[in-house]
Each structure stands twice: as C-alpha cells, then as structure tokens.
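A closer look at the structure
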Amino acid sequence: MKTVILAGGSGTRLFPISREYFPKQFIRFFDSRSLFQKTVERALKHSNPDEIFVVTNTKYKFIVKEQLDELGVKCRIMEEPEAKNTLPAVVWAVKDMKDTVCVLPSDHLVGEDDYLKAVRSAEKIADRFLVTFGVKPDRPHTGYGYIKPGERLGEGFRAEKFVEKPDKETAERLIQEGYLWNSGIFVFSAELFMEECRKYEPEVYNAFLNSSVEEAYKTSPEISIDYGIMEKSNRVAVVPLNAFWSDVGSFDAIYDIWSKDGDKNAVKGEFIGINAQNNLVISDRLIAAIGISDSVIVDTKDVLLICSRGETQKVRDVVKILKEKEDERAYYHKTIHRPWGSFTILEEGQFYKIKRVTVKPGAKLSLQMHMHRSEHWVVIKGMARVKIGDKEFFLRNGESTFVPSGTVHRLENPGLLPLEVIEVSIGEYLGEDDIVRFDDEYGRD
C-alpha cells in the first residue's frame, strides 16, 4: 500500500507556538516525536519507506528531511510549487499510481489500538469506494466535520451525508442521530480516486493531465479533497476508527489531551496557580496566575497569548492581523531553522542584531554577500572553517573574526560536533533578504 502524507499546512490556530515557517506538524507537543514523525511511524505500519510520499512545500522540505533523518527513514519528498489545499496535493501524488493509497494528514494525533485494523478493513473495499475513517464523538465539537453512516457494506458503511462544522445545538443533534467525526484520513484505489476527480473536479484533473507540476499548480483551483470529491461522490464509504483521534487543531484540543494537575490545569513549564483552575499554560519561564480560570496562557520569547478556553479557534484572527501589518512574528519564531542548522535572535535594535548561529556537523552556509550589514563572528563551541574574500582559515572556541559589508563569505562546520557562533550584525538594514548567494548546496536562490 502506498501512503501520502500531507505536510504543507501552516497551523495558524496554534500561534504563537506554530508559525508559518515552523508549523504545528513539526512541533513536539507530546513527547520527543513531532506530529509529523508520529504520522510517519504510523504509516510504516502498512507501507515501506519507499512507498511513503510526503507532499510539502519549499519552506518545509528541509525540516521534513531533517525529521525523517532523526527517524532513520528515507521517504519520497514531493515539493509543491505553491499551496492549493489538499485536493491538488493528493491528485499530484497519486495520478500515476495503480495502487491502494492511504492519505494521512501530518498534524493529527491518532491512537495505536485500532488504527491498523481500520486501515486493513478499508483496504478490502478500496477498489469500490473512497473510504474515510469516522470517529465516534465524545462531545458536540463545533470544529469538526461530521459524517452519517448509511447502508452496511461489511467492512464499513456507505457514507450517507456530510455536515461541515455545525453549531453546538446541531452537533448535539447529529451525535444523537449516530453521526461520526470525519477524521480526514482516507484509503482508496488511486484509479478510482482519479476517476471521481475527473467526474466532479475536472479543472483539477485536467490541470495535472499533461502539464508540468509548476503549470498544473498555476491552473488548478484551490480546493480541499472533502469539498471537491468526498462530499459529491456517491462512491464514498466510512469505516469506524475505534481509537483516540484529534486533529490538534486548537489549544482547546491540546488541553483535552494533556494530563492535568489537581486543579485541572494542563501545564508545560513551571507554574504557580493560586485559585486558578482549568487553565492551559505553556511557557519556558515561570508563570504565576492568581484567580485565573478557564484560560489559555502561552508565553514564547516574543509573543504572549492569553485567551479564554472555548475561544481558541479565533487565534487564527491574530495571525491574520499580524500578516496585514507585515509583522514577521506571524511567520518566524525567534529561532529560525535552515537546512544547515538554525539561528536564534538574542537581541536586536534599529542598527544591530545579535544571533546565536548553530551549524550542524559537516554542514555549511551558502557562499554569500550582504550589501547593507557587516558581521562579527565569535565561536563559542566547536570549530569553524571560514572564508572571507580570498582568505580561508579556522576559528576555534573563543576566537573571532570580522566580515565587512559587500564581502563574499562562508561559514562551515568541518567537525563532528555542532558549531555555535555568536553573530553581531551592524548596518542600516538587517533584513534576512539582504543576501546574494553565489553557491549553495541546498539549491536556494
């Protein structure tokens, strides 16, 4: 069985932990594995590594590779030229396949107990039906889609009706009528899926027929697999998934999943609560709350989020406002990941910026030049190979150098341990787009 993992979402409802350039699927919310890594491990239950296709985009392809390397797994990475929602991504991945395919979102949390059994049940009817997995609701959730099971099919049920994100009163009625949550996990024959796509979304189908991927994405409509195919086709079945499932779509969802203290506070970090109950608290520093209940407190190095539980779906509106203001905090954490490692902004002012740069063993930055800033480098850990102009030399722990503006330079880690450098940039413009690359082994412009 082939597996397609969709890993291109931006996770705006979990801001400020999730940012556009490092979204929720790559974050380790629950243990040492990210949601993406957990999805890969789940896919390995029914697919070999070379049968797993990860559809992502330029911003995330190096994060995907790095997290796959941590697992010791080599999957096929498919890089979308632009985001067009889930249907174009799935069509691109499966259009030339003749196999049964399982489609998995990369940012869901799924229990292990019944997962493989449900996949095998779906596989038995995947040549006749597009199968989605339905989860029995435990409350009237207004952020999920619902699906009504109809005629019994032996391994599942014919999907009779879909309802998208109802209000609470409607959700309560749907649960009483036997509706299931639509998990967004699918199993189907690739040929059947493409046949249904041609029938119900010919614009998407034709875009990928004989075009390059770049041209296909330019001409394809932006649409989800649910709206485009599943809610229109009369060949959809639902197989019950009798396991824990969450789309981890909001801080309310994280509160529901995490363990609680005696006051029903879910805490990651250090917390002192006085007359404080039913809160979600996430912080790297001490949070003290007095008389605060039913709230979400998320404290990062550059953003503090405080909101009422039950209102966390609106966090995406904060991101929208920041993007309208062209505020970089909508896109980046203080720590920014690059294919060669990462850098953390320690302090900045109008004409200076101080970073801690971490370079992975054997990795190197591009051969580059900055027009508007000079840089001071101080090695604090490891050994660096440095090129500045026509000079090449090594810097060891405690040694430093200066890179004048307009000078071609490169930083490299030739060692077996991570290299850490304090970089002080000085200039009238300090944006990350002030860069001219002459050579880059990661293929960046």
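Residues numbered from 1 in each chain as written. Predicted model: local features only at pLDDT ≥ 70, side-chain atom pairs only at ≥ 80, totals over all residues. Heavy atoms only, no water.

**Details of the overall build of the protein chain**
To keep it simple, the criterion reads: The helix and strand labels rest on DSSP assignments: H or I over at least four residues marks a helix, E over at least two residues marks a strand, and numbering proceeds from the N terminus. It is over C-alpha atoms that the radius of gyration is taken, and the globule rule equals 2.2 Å times the number of residues to the power 0.38. Each residue gets one of three labels from its accessible area relative to the maximum for its type: buried under 20%, exposed over 50%, partly exposed in between, using a 1.4 Å probe on protein chains only. The contact definition used throughout considers only heavy atoms, calling two residues in contact when any of these lie within 4.5 Å. In summary, the charge assignment counts Lys and Arg as positive and Asp and Glu as negative, without counting His or the chain termini. Lysine's charge is taken at NZ, arginine's at CZ, aspartate's at CG and glutamate's at CD.
Broken down by element type, the protein chain carries 11 helices and 28 strands. For the protein chain, whose C-alpha radius of gyration is 24 Å, the value lies close to the compact-globule estimate of 22 Å for 445 residues. Taken along the three principal axes of its C-alpha coordinates, the protein chain extends 75 × 65 × 40 Å. Burial status across the protein chain gives 52% buried among its 445 residues. Taking all contacts inside the protein chain whose residues are at least 6 apart in sequence as the whole, residues at least 24 apart take part in 68%. Side-chain charges of the protein chain comprise 63 positive and 71 negative groups, with the mean position of each set lying 2 Å from the other.

**Observations concerning the environment of His370**
This is how the line gets drawn: Whenever a nitrogen or oxygen atom comes within 3.5 Å of another N or O atom, the pair is scored as a polar contact, on the condition that within protein one atom can donate a hydrogen and the other can accept it, and that pairs from neighbouring residues in sequence are kept only if both atoms are in side chains.
Position of His370 among the secondary structure elements: in the loop between strand E21 (367-369) and strand E22 (373-381). Between the C-alpha atoms of His370 and Val403, which are 33 residues apart in sequence, the distance is 9.5 Å. Dropping the residues within four chain positions of it, His370 is found in contact with Glu375, Ser405, Gly406, His409, Asp434 and Ile435. A distance of 3.1 Å separates the side chain of His370 from the side chain of Gln368, its partner in a polar contact. In terms of polar contacts, His370 uses its side chain to reach the side chain of Glu375, at 3.1 Å.

**Focus on the state of the cysteines**
Let me state the cut-off plainly: We call a pair of cysteine sulfur atoms a disulfide when they lie within 2.5 Å.
Under the definition given, this model contains 0 disulfides. The thiol sulfur of Cys197 is not disulfide-bonded, and the nearest other cysteine sulfur, from Cys102, lies at 19 Å.

**Considerations on the nonpolar core**
One recurring pattern in soluble globular proteins is that nonpolar side chains are buried together. Stated precisely, the cut-off is as follows: Think of a nonpolar core as a cluster: buried Ala, Val, Leu, Ile, Met, Phe, Trp, Tyr and Cys residues, connected wherever their side-chain atoms sit within 4.5 Å.
Of all hydrophobic cores here, the largest spans 69 residues; its most connected members are Phe36, Val131, Phe133, Phe251 and Leu280. In contact with Phe133, other than residues within four places in its own chain, are Ala118, Val119, Ala122, Trp181, Asn182, Ser183, Ile185, Val187, Val238, Val239 and Leu241. The next biggest cluster of nonpolar side chains, apart from the first, holds 41 residues, and it includes Val55, Leu87, Ala190 and Phe208.

**Description of the packing of helix H3 (residues 86-94) against helix H6 (residues 190-200)**
Rules: As a rule, the C-alpha atoms of each element are fitted with a line to give its axis, helices using only the stretch in contact, and angles between N-to-C directions run from 0 to 180 degrees. Oblique is the label for every angle not falling under 35 degrees (roughly parallel), over 145 degrees (roughly antiparallel), or within 65 to 115 degrees (roughly perpendicular). Left-handed describes a crossing whose near helix is turned anticlockwise from the far helix through less than a right angle; right-handed describes the clockwise counterpart. Only Asp, Glu, Lys and Arg are considered charged in this grouping, and only Ala, Val, Leu, Ile, Met, Phe, Trp, Tyr, Cys and Pro are considered nonpolar; every other residue, Gly among them, is considered polar.
Where H3 contacts H6, the two axes come as close as 10 Å, and the packing angle between them is 135°. In terms of their interaxial angle, H3 and H6 are classed as oblique. The handedness of the crossing between H3 and H6 is left-handed. Of the residues in H6, those in contact with Leu87, Val90, Val91 and Val94 of H3 are Ala190, Phe193, Met194 and Cys197. Broken down by class, the residue content of the contact of H3 with H6 amounts to 8 nonpolar, no polar and no charged.

**Side note on the pairing of strand E14 (residues 280-283)**
The condition is simple: Pairing between strands is defined by DSSP: at least two bridges between the two strands are required.
By the alternation rule, side chains of E14 split into Leu280 and Ile282 and Val281 and Ser283, which are all buried. Relative to E14, strand E12 (residues 266-268) is paired through 3 bridges, and the arrangement is parallel. Bridging across to E14, Val267 finds its partner in Val281. Pairing between E14 and strand E16 (residues 295-299): 4 bridges, direction parallel. Bridging from a neighbouring strand, Val281 pairs with Ile297 of E16.

**With respect to the sheet that holds strand E17 (residues 304-308)**
Taken together, 4 strands build an open sheet; the order of strands is E12-E14-E16-E17 and the sheet is mixed. The open sheet has two edge strands, E12 and E17, and neither has a second partner. Ignoring strand direction, the axes of neighbouring strands in this sheet form an average angle of 5°.

**Some points on the pattern of salt bridges**
Note the following rule: In the sections that follow, a salt bridge refers to a side-chain nitrogen of Lys or Arg positioned within 4 Å of a carboxyl oxygen of Asp or Glu.
Within the structure shown, the criterion is met by 38 salt bridges. Among the ionic pairs, Asp294 bridges to Arg309, the shortest N-O distance being 3.9 Å. You can see Asp294 sitting in the loop between strand E15 (287-290) and E16 and its partner Arg309 sitting in the loop between E17 and helix H11 (315-324), a full 15 residues away along the chain. Residue class for Asp294 comes out partly exposed when judged on its relative accessible area of 39%.

**Observations regarding unusual backbone geometry**
The omega angle of the peptide bond from Phe15 to Pro16 is 10°, so this bond is cis rather than trans. Residue placement: Pro16 occurs in the loop between strand E1 (2-6) and helix H1 (35-43). Unusually for a residue other than glycine, Asn85 sits at a positive phi of about 70°. With respect to the helices and strands, Asn85 occurs in the loop between strand E3 (76-80) and H3. In this structure, Asp294 takes a positive phi of about 55° despite not being glycine.

Geometry only, nothing functional implied.
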